[in-house]
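Residue-level structural notes
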Amino acid sequence: MTLTEQILTIAILAAATALTRFLPFAIFRGKKTPGSITYLSHVLPPAVFGMLVVYCLKDVDFTSGHYGVPELIGISVTCALHLWKRQMLFSILGGTVTYMLMVQFLP
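Worth saying up front: this structure is predicted, and the values here are computed from it rather than measured. (Residues numbered from 1 in each chain as written. Predicted model: local features only at pLDDT ≥ 70, side-chain atom pairs only at ≥ 80, totals over all residues. Heavy atoms only, no water.)

**Observations concerning the layout of surface pockets**
The criterion, for reference: We place a 1 Å grid over just the protein atoms. Points where a 1.4 Å probe fits but has no way out form a cavity, open points with protein on both sides within 12 Å along at least 5 of 7 lines form a pocket, and any residue with an atom within 4 Å of a point lines it. Grid points are joined across faces, edges and corners, and a volume is the space filled by probe spheres set on the points. Elements are defined by DSSP. Helices are runs of H or I of four residues or more, strands are runs of E of two residues or more, and each kind is numbered from the N terminus. Gly is put with the polar residues, along with every residue not named as nonpolar or charged; the nonpolar set is Ala, Val, Leu, Ile, Met, Phe, Trp, Tyr, Cys and Pro, and the charged set is Asp, Glu, Lys and Arg.
Roughly 580 Å³ of internal volume is contained in the largest pocket. If you go around the largest pocket, you meet 18 residues; those closest to its centre are Val53, Cys56, Ile75, Thr78 and Ile92. Of all the elements, helix α3 (residues 69-85) adds the most residues to the lining of the largest pocket, at 7 residues. Residues of the lining of the largest pocket, tallied by class, amount to 11 nonpolar, 6 polar and 1 charged.

Given below as structure tokens:
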């Protein structure tokens, strides 16, 4: 890619991101949010995290090696931290650090 193409690509991506962020506010300005949008705002985050858990565990072999112990402990730590503090970033960071430490230092 030339420099011009790179700049154009970044500009288009920035504009598309801004549009997807600002468009809902422009559409629903001064109006009551439809029930379907409110429903989706409550249902989609847990669904996305459920899909992420399935995706992360799809290649784990529970019959060899560490038998998926680091993964299961990482998920358990993430769940426990989230139930304790209710802070998404803190929970994800704690579970990730736990998993990475176990993968690095388990024999």
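Let us keep going from here.
**Notes on the side chain of Glu71**
Selection rule: The buried label goes to any residue with under 20% of its type's maximum accessible area, the exposed label to any with over 50%, and the partly exposed label to all in between, with areas taken from a 1.4 Å probe on protein chains only. By the counting rule applied here, Lys and Arg register as positive and Asp and Glu as negative, while His and the ends of each chain are not counted. Salt bridge criterion: a side-chain nitrogen from Lys or Arg within 4 Å of a carboxyl oxygen from Asp or Glu. Contact between two residues is taken to exist if any of their heavy atoms lie within 4.5 Å; hydrogens are not considered.
Mapping Glu71 onto the fold places it in helix α3. No salt bridge forms around the buried Glu71; measuring N to O, its nearest opposite-charge neighbour Lys58 is 12 Å away. Discounting chain neighbours no more than four positions away, the residues touching Glu71 are Leu57, Val60 and Tyr99.

Keep in mind these numbers describe shape, not what the thing actually does.
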